[in-house]
Amino acid sequence: MNDLSSVPEPREPRQRKPDWIRVKAPTSQGYNDTRKLMRELNLNTVCEEAACPNIGECWTKKHATVMILGDVCTRACAFCNVKTGMPRMVDPLEPEHTAAAAAKLGLEHIVVTSVDRDDLPDGGAGQFVKVIKALRRETPDTTIEILTPDFRGKMRPAVEAICEAGPDVYNHNLETVPRLYPTIRPGARYYASLRLLEEVKSHDPMIFTKSGIMLGLGEQRLEVHQVMDDMRTADIDFMTMGQYLQPTPRHAKIEEFVTPKAFDAYGAIARAKGFLQVAASPLTRSSYHAGDDFAEMRAAREAKFAKAAAKQSA
């Protein structure tokens, strides 16, 4: 008798990517130089850990998103390719190494993110503060964008400490619509993430806030519009929207490849709702073209302030 229990279930075939989502494998010297520098400084990058499709383009331009607090996350989100488990001790040299990387790469704008560290008393907020301070010392002209976890249960003191350190942009991604949180982002709460971004603005209104979602997970059009409204209610300045790509067959499957035309339509609606900056395309990611986007967002705010001042003096 055959033991059917030992026969592995057939895997679902990987979905074929449409032409607009395909990218070339990285081969440039700039890519290799950036990779070598990250290894020399013992730094992790979300570009590698999250298998970002833009790594070839960004690293060729010597733009890398540093991922602090190690490479092991204490949560297991259904969309994320970062390892899950018990993290190692925090590297005390990480802040200095991050600043050294920014200096050697000549970065005008740096994005710093992290894994979730629910095991730490402050959720890792103190390491963000140290990294910001090290960057201000080593590369004072570099603008700093951080992409933090939600600091579950420790949000208010974490946000206060980080805002005091003075990042230029505070990013925290909502990732998806509220209905999909139980399956896509089970360790987090949608409205807690919104409150975090509201807390940043209440602590320092001049810090730009930013958040993003992935499309293609089964969300409905009106649900995306509602997320836009929720973000604007929280006074979020910058919204990003990109296509979800399944890292491995074990992760949440792609329900839809959203067309570039549909992304353009979402982007137009978001701009009409009053965001200072919107990035919406299949390959958009939180830190993709972040420096250029920051410059445009800062110019948009200055123009907004100038218009308000002129109206008041008229």
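As the structure is a prediction and not an experimental result, all values here were calculated from the model.

Novice: How should I be thinking about the pattern of salt bridges in this particular structure?
Specialist: Opposite charge on two side chains lets them pair, provided their charged atoms get close. On inspection of all chains with the given rule, the structure shows 14 salt bridges. The shortest N-O distance in the salt bridge between Asp-118 and Arg-152 comes to 3.3 Å. Here Asp-118, found in the loop between β5 (109–114) and α5 (125–138), pairs with Arg-152, found in the loop between β6 (143–147) and α6 (155–165); they are 34 residues apart in sequence, far enough to count as distant. Classification of Arg-152 as partly exposed rests on a relative accessible area of 44%. Here the salt bridges share partners, and the residues they tie into one network are Arg-75, Asp-116, Asp-118, Asp-150 and Arg-152.

Novice: How do you make sense of the side chain of Glu-219 when you look at a structure like this?
Specialist: Positionally, Glu-219 belongs in the loop between β8 (208–215) and α9 (221–233). Lacking a salt bridge, the buried Glu-219 has Arg-179 as its closest oppositely charged neighbour, with an N-O distance of 6.9 Å. Here Gly-216 takes part through its backbone nitrogen, which lies 2.7 Å from a polar atom of the side chain of Glu-219. Of the polar contacts made by the side chain of Glu-219, one reaches the backbone nitrogen of Leu-217; its length is 2.9 Å.

Novice: What is the right way to look at helix α8 (residues 190–203) in this model?
Specialist: Think of an α-helix as 3.6 residues a turn; residues three or four steps apart then line up on the same face. Its 14 residues place the ends of α8 20 Å apart at the C-alpha level, agreeing with the 20 Å of an ideal helix rising 1.5 Å per residue. The complete set of buried residues in α8 reads Tyr-190, Ser-193, Leu-194, Leu-196, Leu-197, Glu-199, Val-200 and Lys-201. Contact partners of the buried residues in α8: α6, β7 (169–171), α7 (181–184), β8, α9 and α11 (290–313).

Novice: I keep staring at the nonpolar core and nothing clicks. Help me out?
Specialist: Nonpolar side chains tend to gather and get buried jointly when the protein is soluble and globular. Residues Ile-162, Tyr-170, Ile-213, Met-239 and Met-241 are the most contacted members of the largest nonpolar core, which totals 76 residues. Here this core takes 7 residues from α5, the largest share from any one element. With sequence-adjacent residues up to four places away left out, Ile-213 is seen in contact with Leu-174, Glu-175, Thr-176, Val-224, Val-227, Met-231, Met-239, Thr-240, Met-241 and Gly-242. By size, the runner-up hydrophobic cluster in this structure holds 7 residues, among which are Val-169, Leu-276, Phe-294 and Met-297.

Novice: Just checking my understanding: could you explain the confidence of the model for the chain for this structure?
Specialist: Low pLDDT means the predicted atomic positions in that stretch should not be read closely. Mean pLDDT over the chain works out to 86, with 85% of the residues at or above the 70 mark. Mean pLDDT in the chain bottoms out at helix α2 (residues 46–49), which sits at 55, and peaks at α9, which reaches 98.

Novice: Would you mind going over the packing of aromatic side chains with me for this structure?
Specialist: Aromatic rings considered in pairs are described by the distance between their centres and by the relative angle of their planes. Tallied over the full model, the rule gives 4 aromatic pairs. With a centroid separation of 4.9 Å and 90° between ring planes, the pair formed by Tyr-190 and Tyr-191 is classed as edge-to-face. Assessed through its relative accessible area of 3%, Tyr-190 is described here as buried. By the ring-pair criterion, three or more aromatic residues cluster together here, those being Tyr-181, Tyr-190 and Tyr-191. Taking NZ or CZ as reference, Arg-232 lies 5.2 Å from the ring centre of Phe-275, over its face. Just above the ring of Phe-208 sits the side chain of Arg-301; from NZ or CZ to the centre is 3.6 Å.

Novice: How do you make sense of the side chain of Thr-176 when you look at a structure like this?
Specialist: You can see Thr-176 is positioned in the loop between β7 and α7. In this structure Thr-176 comes out as buried when scored by relative accessible area, which is 1%. Ignoring sequence-local partners within four residues, the contact set of Thr-176 consists of Tyr-181, Ile-184, Tyr-190, Ile-213 and Leu-217.

Novice: Explain the packing of α9 against helix α10 (residues 260–272) to me, please; I cannot follow it from the model alone.
Specialist: Packed helices, taken two at a time, are described by their axes: the angle between them and the distance between them. For the pair α9 and α10, interaxial distance at closest approach is 10 Å and the crossing angle is 30°. Crossing hand, α9 versus α10: right-handed. Packed against α9, whose contacting residues are Arg-221, Val-224, His-225 and Met-228, the element α10 presents Tyr-266, Ile-269 and Ala-270 at the interface.

Novice: Please clarify how the pairing of β8 should be interpreted in this entry.
Specialist: Across a regular strand the side chains alternate sides, sitting on one face of the sheet and then on the other. Burial of β8 is extensive: 8 of the 8 residues sit out of reach of the surface. Here β8 shows a buried face lined by Phe-208, Lys-210, Gly-212 and Met-214 and a second buried face lined by Thr-209, Ser-211, Ile-213 and Leu-215. Two elements, β8 and strand β9 (residues 238–243), share 6 bridges in a ladder whose sense is parallel. Looking at β9, one finds that Leu-215 is bridged to Gln-243.

Novice: It is not clear to me how the packing of helix α4 (residues 94–105) against α5 should be interpreted in this structure. Could you clarify?
Specialist: The interhelical angle for the contact between α4 and α5, taken along N-to-C directions, is 40°, at an axis separation of 8 Å. Compared by their axis directions, α4 and α5 come out oblique. Of the two possible hands of crossing, α4 and α5 adopt the one that is right-handed. Of the residues in α5, those in contact with Glu-94, Pro-95, Glu-96, Thr-98, Ala-99, Ala-102 and Ala-103 of α4 are Gln-127, Lys-130, Val-131, Ala-134, Leu-135, Arg-137 and Glu-138. Across the contact of α4 with α5, the residue classes break down as 7 nonpolar, 2 polar and 5 charged.

Cut-offs and rules
- Residues numbered from 1 in each chain as written.
- Predicted model: local features only at pLDDT ≥ 70, side-chain atom pairs only at ≥ 80, totals over all residues.
- Heavy atoms only, no water.
- Salt bridge = Lys/Arg side-chain N within 4 Å of Asp/Glu carboxyl O.
- Helix = DSSP H or I, 4+ residues; strand = E, 2+ residues; numbered from the N terminus.
- Buried < 20%, exposed > 50% of the residue type's maximum accessible area, 1.4 Å probe, protein only.
- Lys, Arg positive; Asp, Glu negative; His and termini not counted.
- Polar contact = N/O pair within 3.5 Å; in protein donor to acceptor, adjacent residues only side chain to side chain.
- Expected span 1.5 Å × (residues − 1).
- Contact = heavy atoms within 4.5 Å.
- Core = buried A, V, L, I, M, F, W, Y, C linked by side-chain atoms within 4.5 Å.
- pLDDT = per-residue confidence, 0-100.
- Phe/Tyr/Trp six-rings, centres within 6.5 Å; stacked < 30°, edge-to-face > 60°.
- Lys NZ or Arg CZ within 6 Å of the ring centre and 35° of its normal.
- Axes fitted to C-alpha atoms, helices over the stretch in contact; angles between N-to-C directions.
- Left-handed = near helix turned anticlockwise from the far one by under 90°.
- Pairing = 2+ DSSP bridges.
- Parallel < 35°, antiparallel > 145°, perpendicular 65-115°, else oblique.
- Nonpolar A, V, L, I, M, F, W, Y, C, P; charged D, E, K, R; others polar.

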